[in-house]
Every structure is written in structure tokens, then in C-alpha cells.
Amino acid sequence: MNDTAHQQYLVKLLRDVPDFPQPGIIFKDITPLLANPRAVQIVVSEIVRHFKDLRIDAVAAVEARGFILGAMIAQGLNVPFVPIRKAGKLPFHKLTEEYALEYGRAAIEMHTDALPKGARVLIHDDVLATGGTATAAGNLVNRLGAVVAGYSFVINLSFLAGEKNLRSSFLIDPHYLVKV
Ligand code: AMP
């Protein structure tokens, strides 16, 4: 399949849920995609293929939906998986970043021993919306002395400024499979 065929195939497996989790938000639900092993394989292998020559040392992914494919991408790249969790969930010493969401505010955390200094990190999540979560994740990586080497998403909500924000904050063009 070429890129357009991939995109058309994947778009059919993403469900729009209007007014979730609050009025006015159209939630992009990836559970139909996760229910399709062939689609999951296409998504993971496409992301692994894109990043395999970019000297990635670790994949950091954001709770909760980012964990699902993020762990598979880390396996595919044969590098460690680093969980970034909502505040209060990680058990060991950690750093915290607060940020604004498309809906509300949040804080995410990473263990202080998660990454060696200078490690080149790929950050993964399912959806890029405003880029607030991805920026906070990148800040955690940088605060540990590691480097954000790439961003990967399944879906880019291009009517929001996430892509532009990551370009200006991290000088990185995020990789994504579907743009809506
Ligand atoms: P943001 O920080 O605004 O880029 O939002 C990204 C985070 O919120 C990701 O973890 C997404 O899973 C989630 N998210 C934001 N907006 C949506 C949406 N419309 N549909 C699904 N997930 C969303």
C-alpha cells in the first residue's frame, strides 16, 4: 500500500465520538484500530521504518493510549520503553511538568533514572492536538539531560497548532500517519 492508501485504510478505523469528554470536543477513538491486528501491524511497522535509522535510544510514551503502540514501537526499534504517567502514579523519584490541555489542565511525570544523559528519545502518543502534552513530555526529557530526537503520533488534529508548536519549541517536524 502507498501512503494515501494507508491513510484511507487507517481513517476508516478511527471513530469520531462527538462531545467526549466534554461538549464541543470530537474525540478520536483508536479502539477500532486496536481491534484490528493487521492495522496495528501496519501502524507500528510504518513508525518503526520511519525512525529506524535516526539513532533512537529510547521511546517515551504518554499514559494511557500512548503506551499501547509506544511499547510496540520500542520493541520494534529494540530500545527501552519509558512510561510518562499522570501525576501521582509513578512509584520512584520523579520530575513533574504541568501543562494546558485542549480540555483542562494536567501534570505528567517521569522517573529521574528513566534516561541516561544525551539519550536520543522518540516521544509517542496517539493524538497530537494542541501539543501541550507533547511539549511537557519533551520538557521532561530535556530536564533529564536527554534529547528529543523525534515525535510520533497516529493522528494529527491539524486545525489545532500542535505541529507548529513542536516545530517552534523543539525544531522537530512531528511524524504522524493520519491528518484530520
Ligand atoms: P494536546 O496536549 O492538546 O496535544 O492533547 C493531546 C493529548 O490529549 C493526547 O494524549 C491525546 O490522547 C488527548 N487528546 C486531545 N484531544 C483529543 C481528541 N480530540 N481525541 C482524542 N484524544 C485527544
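Further up the page is the structure itself.
These lines cover the structure that appears in this document, whether it is placed above or below. Each residue is numbered by its place in its chain's sequence as written, counting from 1. Residues qualify for local features only when their pLDDT is at least 70, as the model is predicted, and side-chain atom pairs are given and counted only at 80 or more; totals for whole chains, interfaces and linings, by contrast, use all residues. Water and hydrogen atoms play no part in the side-chain values, which are based on all heavy atoms of the structure.

## Overview of the overall build of the chain
- A run of H or I in DSSP counts as a helix once it spans at least four residues, and a run of E counts as a strand once it spans at least two, with each numbered from the N terminus. Looking only at helices and strands, one finds 6 helices and 9 strands in the chain.
- With the principal axes as the frame, the chain shows a C-alpha extent of 40 × 40 × 30 Å.
- Type-normalised accessible area, obtained with a 1.4 Å probe on protein chains alone, sets the label of each residue: buried when under 20%, exposed when over 50%, and partly exposed for intermediate values. Within the chain, buried positions represent 49% of all 180 residues.
- For the chain, contacts bridging at least 24 residues in sequence account for 58% of all contacts bridging at least 6.
- Here the chain has roughly 8900 Å² of accessible surface; of this, 54% comes from carbon and sulfur atoms.
- Between the centroid of the 19 positive side chains of the chain and the centroid of its 17 negative side chains there is a distance of 2 Å. The contact criterion used is simple: two residues touch if any of their non-hydrogen atoms lie within 4.5 Å. To be clear on the numbers: accessible area is Shrake-Rupley with a 1.4 Å probe, and residue cover counts the displayed protein chains and nothing else. As used throughout, the charge tally considers Lys and Arg to be positive and Asp and Glu to be negative, leaving His and the chain termini uncounted. Here the site of a charge means atom NZ of a Lys, CZ of an Arg, CG of an Asp or CD of a Glu.

## A short note on the environment of N142
- Summarising the element assignment, N142 is placed in helix 5 (residues 132-143).
- We classify N142 as partly exposed; its relative accessible area is 39%.
- For the pair N142 and G66, spaced 76 residues apart in sequence, the C-alpha separation works out to 19 Å.
- N142 has contacts with V147, V148 and F170, leaving out every residue within four places of it along the chain.

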